[in-house]
Amino acid sequence: MVSESSLAQRLDRLEALEAIRELKHRYLACCDAKDPQGMRACFADGPVPIDYGAVGTFENADALQEIYTQIACHPHMVEIHHGANPRIELSGPDAASGEWSMQYQLINTQEQTLTQLAGRYEDEYHRFDGVWKISATRFVATSSLSLELGPAAVAVRFAGRP
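Residues numbered from 1 in each chain as written. Predicted model: local features only at pLDDT ≥ 70, side-chain atom pairs only at ≥ 80, totals over all residues. Heavy atoms only, no water.

Here's the deal with the pattern of salt bridges
Selection rule: Salt bridges are defined by distance alone: a side-chain nitrogen of Lys or Arg within 4 Å of a carboxyl oxygen of Asp or Glu. Secondary structure elements follow DSSP: runs of H or I no shorter than four residues count as helices, runs of E no shorter than two count as strands, and numbering proceeds from the N terminus. Here the term buried applies to any residue with accessible area under 20% of the maximum for its type, exposed to any over 50%, and partly exposed to those in between, with areas from a 1.4 Å probe on protein chains only.
Applying the stated rule across the entire model yields 10 salt bridges. In this structure, E99 and R87 form a salt bridge, with 2.5 Å as the shortest nitrogen-oxygen distance. Of this pair, E99 sits in strand 4 (residues 95–108) while R87 sits in strand 3 (residues 77–92), placing them 12 residues apart in sequence. Overall, the relative accessible area of 26% leaves E99 in the partly exposed class. Ionic pairing is found between E148 and R157, a salt bridge with its closest N-O pair at 3.9 Å. Taking the relative accessible area as the measure of exposure, E148 reaches 42% and is therefore partly exposed. When its relative accessible area of 45% is taken as the criterion, R157 is described as partly exposed. Through salt bridges that share partners, R40, D45 and D62 make up one connected network.

Describing the packing of aromatic side chains
Note the following rule: A pair of aromatic rings is counted whenever rings of Phe, Tyr or Trp (Trp by its six-membered ring) have centres within 6.5 Å, and the orientation is called stacked for planes under 30 degrees apart, edge-to-face for over 60 and tilted otherwise.
Counted according to the given criterion, the structure contains 4 aromatic pairs. The interplanar angle of 90° and the centroid separation of 5.6 Å between the aromatic rings of Y27 and F43 together place this pair among those described as edge-to-face. With Y27 in helix 1 (residues 4–32) and F43 in the loop between helix 2 (36–40) and strand 1 (50–51), the pair connects residues that are 16 residues apart, well separated along the chain. The buried category is assigned to Y27, whose relative accessible area is 3%. Relative to Y121, the ring of Y52 has its centre 5.9 Å away and its plane inclined at 65°; by these criteria the two rings are edge-to-face.

Any functional reading would require information that these geometric values do not contain.
Below is the structure:
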């Protein structure tokens, strides 16, 4: 027989894991929807170490939101972010870490290019006033493909490890 406290702890754990999954899904959906405010709301306030490799490193989510708005929030930038295979570990009642595989695709209709990128997110999460937020994140690219989309042919610009 399971004790009530044990059952409550198990339920809290499951709810925390689901809230973190929903947070990451919301972040990726906001990126696809070109929603900088929604994307920013997924992060903690204050210092948040963000390392997105070639995109840049940032000390807080406001700086990421600014560059995201400048670079990605245009109709000719057609993006899709797919996060999968989450491995989330709770390290305390209000702290967790996680790793996600990532598949990204960008069609730039202005430059007529297609970019595909694969890798993984390494995240830290904290719960503030009952709400989970990303408190640190790093993206590690594992493969990249860049194509020129010409009217008569497709040309490989780059294929391999970044």
